[in-house]
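Survey of secondary and tertiary structure
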Amino acid sequence: MKLEIMTIKEIQVLLRNKKITSLELTEFFLKRIKKINPKLNICLSVFEKSARREAQLADIRITKGESGELLGIPYLLKDNILVKGLKATAGSKMLENYIAPYDATVVQKLKQAGAVLLGKTNLDEFAHGASTENSAFSVTKNPWDLERVPGGSSGGSTAGVIAGLGVFALGSDTGGSIRQPASFCGVSGLKPSYGRVSRYGLMAMTSSTDVIGPIAKTAEDCAIVLKCIAGQDNFDLTSSAKKVSDYSKNIDKKIKNLKIGVVREFLGDDLAPDIKKGILEAISVFEKLGAQIVDISLPFNKYSVPVYCIITPSEVSSNLARFDGIRYGHSLKYSSKGKSAENLNEIYLRNRGEGFGAEAKRRIMLGTYALSSGYFSAYYKKAVAVKEKIKEDFKKAFTKVDFILTPTSPHTAFKIGQQVDDPLKMYLEDVFLTGPSLAGLPAISIPVGLAKNLPFGLQIIADNFMEEGLLNLAHNFQKNTEWHKNSPKL
Amino acid sequence: MSITKEEIKKIAQLARLELNDVEIAKYQKQFSSILGYIDQIKDVRISDLDILGLNSEIVNQTRVDEVFPGEPEDKKLALDQAPEREADQIKVGRVI
């Protein structure tokens, strides 16, 4: 029984048939974290005591005959999501000792479902990045090659799932932060539609595109987790009132006669040859399953990264303004100082100058610049308008096709340190991913190949709130291929 | 598009970030390349209609601003995060 490579669906059966208890399962993963985490830096914190307690409670519920889909299943949580009474660092020195005073809505829902929280995972500081190198605490290693990055910003969560440190994980995606690391680590990662999952208790980065989503070994597992965490929430008024479907119920449905769009410009020479080949093969799998492939174009997509590079820093500069080191967060001692107004400003400058890392500062500065007087119209206002054009592109495309396929990333995981000094190159990591984020669309990355023993993913994009169909399509691929079953030797 | 050191310093002040000289030089260089890249959006022709940028599907959601009685433990947890405190209050440097 290799628990580390098993899916939620498979472990459910073991729990239901009393082959294993949640406590035994939890002990297994805690032991594995102890063994593997020092090498890979996946978890920033591990909660042995509370995990055991939650597992025991789940076992009691199972004994009483309850059978929830996530009951007793151990998971990992990205460290920018709050759990009452536990540390939430966001990978920042600013919040090194911060204890969350309340539960995020997704955490509440997982608690009610009886899932067992093992630990919290590493990320780029405040989710700013595409490599997890921007964490103030450690660099997470890619389990496939310890000299490479796991992608980011949810790199700890994706590495944790493929390394078998938890059965599933939650991440957050603002412009690719679930999908890009899912591609680099060879797992399935879903960015739900904007508003499908409550953001309450997720540290705000870009409030207009932030979404929490599941990371797991299969699309079917993503469906199970999404069903649990989705839904309207009074504490996040951008959450949608649309009914939550039973995403796994019709996941097996045949995909015959579906129309799938492919953007030929995306399969050009910028793509690594191995990846191009793998993506084309994946497309032919859908064709064999009876789907019809249709060429489409998204002419405004080339502006999605520049638009993202304006909208995101602008919202970041505003959202991170709350970190002043007075109500919470990193602070120098000021009780002995503070005799005048100048000194209060000095406190802000020093607290923020010391507490934020290089990328967070860069984004705050870029945003402050884009929103400042004289530049607002040329940058922010213009970016919001171009964003509407990008949305229109997708809207038009979805009148012709049901889904769109793109590569997730133009390449496999790069080496640690390789592009830390080139922020622009880092932003371009998300060239296929920011478009759906800006348009609020659901998109999943699933593994579709290995190039020199490094995984890479295919992105499937669906129209707004069409997660059910999206997961159905991804599941059909996984039923007919084995890529999602690969895992690294550790 | 290039940006001067003075501009970087001004932005840092507006953003309440203390930067050292090494950081200022680094951001000056990086900003020039990032802004150069971003500037391509200026090529997109946009009508006044697009500038509105408002999606008609979005409807304002409102709710009553209610006060929920919290547990004393919650209050303590929240207040405990402040670096400087006096009883149940958060201490701020003198302003006036």
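Thresholds, definitions, all that
Residues numbered from 1 in each chain as written. Chains lettered and ligands numbered in written order. Predicted model: local features only at pLDDT ≥ 70, side-chain atom pairs only at ≥ 80, totals over all residues. Helix = DSSP H or I, 4+ residues; strand = E, 2+ residues; numbered from the N terminus. Rg over C-alpha atoms; globule rule 2.2 N^0.38 Å. Contact = placed C-beta atoms within 7 Å. Expected span 1.5 Å × (residues − 1). Buried ≥ 20, exposed ≤ 12 C-beta atoms within 10 Å, placed from the backbone. Arc of directions from axis to C-beta. Nonpolar A, V, L, I, M, F, W, Y, C, P; charged D, E, K, R; others polar. Pairing = 2+ DSSP bridges. Axes fitted to C-alpha atoms, helices over the stretch in contact; angles between N-to-C directions.

1. Notes on the overall build of chain A
Tallying secondary structure elements over chain A gives 15 helices and 11 strands in all. For 490 residues, the compact-globule estimate of 2.2 N^0.38 gives 23 Å, and chain A sits close to it at 22 Å. Each principal axis of the C-alpha distribution contributes one length, and for chain A these read about 70 × 55 × 45 Å. Considering only residue pairs separated by 6 or more positions, chain A has 78% of its internal contacts joining residues 24 or more positions apart.

2. Thoughts on helix α3 (residues 48-63) of chain A
Residues and elements named next belong to chain A. Between its terminal C-alpha atoms α3 stretches 22 Å, which fits the 22 Å expected from 16 residues at 1.5 Å a residue. Listed in full, the buried residues belonging to α3 are Ala51, Glu54, Ala55, Ala58 and Asp59. Taken down its axis, α3 places every buried residue within 145 degrees of arc, on the same side. The outward face of α3, more than 90 degrees from its buried face, is lined by the exposed residues Lys49, Ile60 and Thr63. Looking at the buried residues of α3, the elements they touch are α2 (22-40), β2 (74-78) and β3 (116-121).

3. Here we look at the interface of chain A and chain B
Contact with chain A, which involves 50 residues of that partner, is made by 36 residues of chain B. Listed by contribution, the elements that provide at least two residues to the side of chain A that touches chain B are α9 (304-319), α10 (341-355), α11 (358-371), α12 (377-400) and α13 (423-427) of chain A. With nine residues, α10(A) is the single largest residue contributor to the side of chain A that touches chain B. Its residues assigned to classes, the side of chain A that touches chain B comprises 27 nonpolar, 12 polar and 11 charged.

4. Remarks on unusual backbone geometry
All names here are of chain A. Geometrically, the link from Gly152 to Ser153 is a cis peptide bond, its omega value of 10 degrees lying close to zero. Considering the arrangement of structural elements, one finds Ser153 in the loop between β3 and α5 (155-162). Even without being a glycine, Asn41 presents a positive backbone phi close to 50 degrees. When the 20 C-beta atoms within 10 Å are taken as the criterion, Asn41 is described as buried.

5. A short note on the sheet that holds strand β9 (residues 403-407) of chain A
Residue and element names in this part refer to chain A. Pairing is mixed across the open sheet formed by 11 strands, whose spatial order is β1-β3-β2-β4-β6-β5-β10-β11-β9-β7-β8. The open sheet has two edge strands, β1 (43-46) and β8 (292-296), and neither has a second partner. Averaged over all neighbouring strand pairs, the angle between strand axes comes to 30 degrees, with direction disregarded. With eight bridges connecting them, strand β10 (residues 443-451) and strand β11 (residues 454-462) associate as antiparallel partners. Along β11, the bridge assignment pairs Leu450 with Pro455. Taken strand by strand, helix α7 (residues 219-229) contacts β4 (168-173), β5 (188-191), β6 (211-216) and β10, and its axis lies near 145 degrees from that of β6. Set on the sheet, helix α15 (residues 467-480) makes contact with β5, β9, β10 and β11; between it and β11 the angle comes to about 145 degrees.

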